[in-house]
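Structural description and commentary
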Amino acid sequence: MENGGASTLRIRQVLLLFVFLGMPPAYSESGRFLVAEEMQSRSFVGNLKDLGLEVGELFSREARVVSNDNKHHLLLDLNTGDLLLSEALDREELCGSMEPCVLHFQVLLKNPLQFLQVELQVKDINDHSPVFLEKEMLLEIPENSPVGAVFLLESAKDLDVGTNALKSYTISPNSHFHIKMRVNPDNRKYPELVLDKALDYEEQSELSFILTALDGGSPPRSGTATVRVVVLDINDNSPEFEQPFYEVKIPENSLLGSLVVTVSAWDLDSEKNGEISYTFSHASEDIHKTFEINQKSGEVSLMASLDFETIESYSIIIQATDGGGLFGKSTVRIQVVDVNDNAPEVTVSSITSPIPENSLETVVMVFSILDRDSGDNGRMLCSIPEDLPFTLKSSIKNYYTLETEGTLDRESRDQYNVTITVTDLGTPRLKTEHNITVLVSDINDNAPAFTQTSYTLFIQENNSPALHFGSVSATDRDAGANAQVTYSLLPPQDPNLPLDSLVSINADNGHLFALRALDFEALQAFEFRVGATDRGAPALSSQALVRVQVLDANDNAPFVLYPLQNGSAPCTELVPRAAEPGYLVSKVVAVDADSGQNAWLSYQLLKATEPGLFGVWAHNGEVRTARPLSERDAAKHRLLLLVRDNGEPPLSASVTLHVLLVDGFSQPYLPLPEAAAEAAPADPLTVYLVIALASVSSLFLFSVLAFIAVRLCRRSRAGWGGGVSVPEGHFPGHLVDVSGMGTLSQSYQYEVCLTGGTGTNEFKFLKPIIPNLPLHDTGRNVEENENFRNSFGVDIQ
């Protein structure tokens with residue numbers, strides 16, 4: 001509540017002040033008081049009695065001290081009328097540099113309203129020392145500045161005024177400068193630095209001293225600052241190198257970026273004048289491409305590969321230039337040290353490939369070798385593998401020839417990969433390998449060779465024309481045209497062999513073709529020679545024997561020689577009724593033009609007038625009685641016989657045999673209707689028998705002769721054509737072999753003796769006449785000389 005009342009009171013006082021200020025005031029003459037700054041609070045300033053006021057009326061008239069800035073620097077004691085300081089006053093704060101420092105305020109009285117103007121002069125005391133704004137002042141003075149040159153310095157500030165203000169400047173003792181003080185138009189004092197002695201940067205590049213500012217107070221106050229004089233260098237010194245000549249060695253295989261040498265120069269000048277940059281002077285393009293120099297450090301480094309074989313040394317002039325344009329020079333000699341970094345080189349002057357085989361000591365290649373290194377690094381050895389038929393021969397310096405050591409055989413090896421190795425003697429050793437391929441060209445030194453010296457080929461008879469039935473093949477170890485083989489048929493040794501109409505050969509691949517259908521029965525085998533010729537120059541050839549065997553096909557049915565089936569009078573066999581079982585009635589004789597299994601014949605009785613009376617032997621065709629004859633048996637019998645071969649499919653022929661049973665051969669009984677009781681003067685049966693036997697004997701004899709002629713002819717052909725393969729082993733039990741050509745195994749000759757006048761006919765069966773022909777063993781012994789006499793007096797042998 002007290003705080004609130006005080007605030008309200010202050011507000012009312014302010015309002016009243018404004019009201020009073022707004023009213024027409026009653027002014028009195030002003031009074032002046034003097035007070036020193038920095039006096040303590042409640043210090044006595046003066047008494048209003050000095051202004052003509054009574055102390056008693058101050059309270060009644062509510063006297064107050066007011067100011068335009070509303071700052072209460074004074075307090076009024078209403079009881080005594082004393083004016084007291086409300087706070088310590090700072091003249092520099094209140095008035096700054098203004099002199100004198102007067103504060104204006106009023107004493108307000110009420111009833112009636114009255115203003116008394118009061119001036120309070122604040123007197124300065126020496127409470128501030130001179131102060132430099134910068135504690136260190138930097139002066140840059142060229143070393144060639146003349147003596148007496150003046151350089152301005154920063155002045156110090158002193159907040160005090162009057163006699164307490166700044167009065168003078170001094171500097172610490174030095175041999176180059178002194179201080180001179182100047183006063184500017186606004187009455188401010190500032191110092192100047194005067195040069196007494198010439199400066200030398202190279203002798204002393206920097207000077208320092210203390211600048212002191214003094215005021216006029218008592219005692220005086222002072223302030224200091226450091227003055228640093230930097231002597232500015234002028235370019236009065238040229239750069240100088242540590243060495244006028246540098247010599248270095250560097251291996252040619254140094255890495256890019258490697259440090260070669262560092263040059264160093266100095267300059268007594270400073271800053272820009274002492275800043276040295278390094279450059280190459282009058283350097284060639286090769287030097288600029290190979291080396292670079294650091295302009296700041298003077299390091300010379302490698303920027304391109306070195307090659308001793310191209311450039312052995314470099315001389316470089318290096319220039320050191322300072323910032324003022326003065327320069328110095330030094331020479332750097334860089335010696336490149338050779339290392340074994342170049343492999344030997346092989347240069348081919350001429351090469352010959354392919355090389356004809358069988359050539360003697362042929363020059364294959366002429367070449368030279370080179371190593372660009374020096375010393376042992378450039379000495380070389382040249383060699384080739386020892387397992388090749390080649391040799392190296394040295395000619396003039398570093399020239400070699402590669403020659404064949406002997407004859408080459410293309411058929412053994414048609415190309416050689418030759419590696420020529422060149423090695424230097426450096427460390428480490430480097431080598432170069434040059435590979436060439438030497439081709440061996442072919443000459444026609446190999447005749448075609450058949451895969452077999454002789455060929456055996458088989459062809460089934462009845463083949464279709466132009467049938468490919470085999471091939472011959474020949475190879476030639478040569479190459480190209482020398483290996484291209486042409487096949488041909490050579491003239492046969494047998495002039496009777498029509499080879500051109502039998503066989504042809506494909507000239508390109510050796511395929512053999514049958515020109516026409518072959519017949520085994522006409523030609524069982526033949527042989528000829530084929531030739532194989534290459535296309536070389538001269539052409540070479542060879543021969544091979546070809547044997548062709550015609551394989552039999554079952555294309556011929558059995559042919560019956562006896563009994564004849566020629567459509568004439570039937571053949572009738574006479575059998576006495578007294579014949580015993582097994583009596584030989586007749587023998588069916590048949591042949592088969594085929595051979596082997598296709599010619600194995602078997603016989604079978606298909607049909608008989610009286611079954612069971614006769615039988616036929618399956619293996620030889622003999623017809624015999626199967627049981628004793630009786631009077632009840634019919635006189636005439638008709639037998640149908642089948643002859644079959646063993647081919648696939650089997651072929652067959654049939655024959656009809658007539659049998660007449662008689663009581664005796666002397667007086668045959670023919671139960672014919674014409675023969676009643678009389679005996680004819682000439683018995684017709686006898687005539688028929690004679691005619692039949694004569695015909696059969698003639699035909700049989702002619703067949704035997706023809707067979708012998710054909711057999712002999714075929715034997716003569718077999719002498720050059722080779723034999724026909726015959727199946728091995730025994731014939732089946734029910735088959736009979738009739739020789740390779742299907743003819744009879746035996747030839748039978750019959751003699752017929754007829755005696756007339758007595759009415760009795762005699763038939764004499766002679767034993768067979770056997771020609772000098774090979775016979776096949778049937779595995780049975782045939783009784784050839786079995787003589788018997790029947791009841792009719794007929795002798796049968």
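Residues numbered from 1 in each chain as written. Predicted model: local features only at pLDDT ≥ 70, side-chain atom pairs only at ≥ 80, totals over all residues. Heavy atoms only, no water.

1. Here's the deal with the overall build of the chain
To keep things clear, this is the line we draw: The helix and strand labels rest on DSSP assignments: H or I over at least four residues marks a helix, E over at least two residues marks a strand, and numbering proceeds from the N terminus. Relative accessibility decides the category of a residue: with a 1.4 Å probe and only protein chains considered, values under 20% of the type maximum give buried, values over 50% give exposed, and everything between is partly exposed. Residue contacts are defined here by distance: any two heavy atoms, one from each residue, within 4.5 Å place the two residues in contact. Only the protein chains shown count as covering a residue, and every accessible area follows the Shrake-Rupley method with a 1.4 Å probe.
Along its length, the chain carries seven helices and 55 strands. Per-residue burial for the chain yields a buried fraction of 40% across its 797 residues. Summarising the internal contacts of the chain: among those between residues at least 6 apart in sequence, 67% fall at separations of at least 24. Approximately 43700 Å² of the chain is accessible, and the part contributed by carbon and sulfur atoms is 52%.

2. Describing the sheet that holds strand β40 (residues 511-514)
Formally: Strand pairing requires that DSSP identify at least two bridges connecting the strands. Each axis is a line fitted through C-alpha atoms, taken for helices only over the stretch in contact, and angles between the N-to-C directions span 0 to 180 degrees.
Pairing is antiparallel in the open sheet, where three strands are placed in the order β36-β40-β39. Of all strands in the sheet, those bounded by a partner on one side alone are β36 (467-471) and β39 (503-505). Each neighbouring strand pair of the sheet contributes to a mean axis angle of 30 degrees, computed without reference to strand direction. Relative to β40, β36 is paired through four bridges, and the arrangement is antiparallel.

3. Thoughts on the nonpolar core
Quick note on the threshold: In this text, buried Ala, Val, Leu, Ile, Met, Phe, Trp, Tyr and Cys residues form a nonpolar core when linked through side-chain atoms within 4.5 Å.
Counting residues in hydrophobic clusters, the biggest one holds 27 residues, and the most contacted among them are F450, V472, L512, F526, F528 and V546. Residue assignment for this core shows that the elements contributing at least two residues are β35 (454-460), β38 (485-489), α6 (499-502), β39, β40, β41 (525-534) and β42 (541-551). For V546, the residues in contact, after removing those within four places along its chain, are Y455, L457, V472, L512, F526, E527, F528 and V530.

4. Considerations on the packing of aromatic side chains
Condition: Only the six-membered ring of Trp is used, alongside the rings of Phe and Tyr, when aromatic pairs are assigned; centres must lie within 6.5 Å, and planes under 30 degrees apart are stacked while those over 60 apart are edge-to-face, with the rest tilted.
All chains considered together, the criterion is met by ten aromatic pairs. Measuring from ring centre to ring centre gives 5.9 Å for F177 and F209, while their planes differ by 40 degrees; the resulting arrangement is tilted. Of this pair, F177 sits in strand β13 (residues 177-183) while F209 sits in strand β15 (residues 206-215), and the two are 32 residues apart along the sequence. In this pair, the class of F177 matches that of F209, namely buried. Geometrically, the ring pair formed by F390 and Y416 is edge-to-face, given 5.4 Å between the ring centres and 80 degrees between the ring planes.

5. Here's the deal with the state of the cysteines
Short version of the rule: Disulfides are defined as cysteine sulfur pairs within 2.5 Å.
Under the defined criterion, the tally for this structure stands at one disulfide. In this model, C95 is linked to C101 through a disulfide, with the two sulfur atoms separated by 1.8 Å. Across the S-S bond of C95 and C101 the torsion is about 65 degrees, and the bridge reads as right-handed. Across the pair, exposure class does not vary: C95 and C101 are buried alike.

6. Regarding the sheet that holds strand β24 (residues 313-321)
The pairing of strands in a sheet happens through backbone hydrogen bonds and is either parallel or antiparallel. Ordered by their spatial adjacency, four strands build an open sheet running β18-β25-β24-β21, and the pairing between neighbours is mixed. Strands at the two margins of the open sheet, each flanked by one partner only, are β18 (245-251) and β21 (277-281). Averaged over all adjacent pairs, the angle separating strand axes in this sheet is 30 degrees, with direction ignored. In this structure, β18 lies alongside strand β25 (residues 327-337), joined through seven bridges in parallel fashion. Residue Y246 lies in a different strand from β25, and its bridge partner there is V332.

7. What to know about the confidence of the model for the chain
We apply this condition: Scored from 0 to 100, pLDDT records how confident the predictor is in each individual residue.
Per-residue confidence for the chain gives a mean pLDDT of 79; residues scoring 70 or more make up 82%. A low-confidence stretch, residues 1-28 stays under pLDDT 50, and its non-local contacts, those more than four residues away or across chains, total 19 contacts. Here residues 666-682 is modelled with pLDDT under 50, and outside its nearest four sequence neighbours on either side it reaches 15 contacts, counting other chains as well.

8. Digging into the environment of T352
Relative to the elements of secondary structure, T352 occurs in the loop between β26 (345-351) and β27 (355-356). Residues T352 and V363, eleven residues apart in the sequence, show an inter-C-alpha distance of 7.3 Å. In contact with T352, other than residues within four places in its own chain, are V363 and V364.

9. Some points on the pattern of salt bridges
Condition: Salt bridge, as used here, is a side-chain nitrogen of Lys or Arg placed within 4 Å of a carboxyl oxygen of Asp or Glu.
Within the structure shown, the criterion is met by 15 salt bridges. Here D376 ties to R379 by a salt bridge, and the two come within 3.4 Å at their closest N and O atoms. Taking the shortest distance from any N to any O, the salt bridge between E433 and K431 comes out at 3.5 Å. Through salt bridges with shared partners, a single network forms among E136, E206 and R228.

10. As for unusual backbone geometry
Each neighbour pair has its own omega, and for N111 with P112 the value is -5 degrees, a cis peptide bond. Among the structural elements, P112 can be located in the loop between β6 (101-109) and β7 (114-123). The amide bond that connects Y562 to the next residue, P563, takes the cis arrangement and shows omega of -5 degrees. Examined against the element boundaries, P563 turns out to sit in the loop between β43 (559-562) and β44 (572-576). Its identity is not glycine, yet N398 carries a phi of approximately 60 degrees, on the positive side. Inspection of the secondary structure puts N398 in the loop between β30 (390-394) and β31 (399-404). Of note, the phi angle at A466 is positive, near 65 degrees, even though the residue is not glycine. The exposure class assigned to A466 is exposed, which follows from its relative accessible area of 55%.

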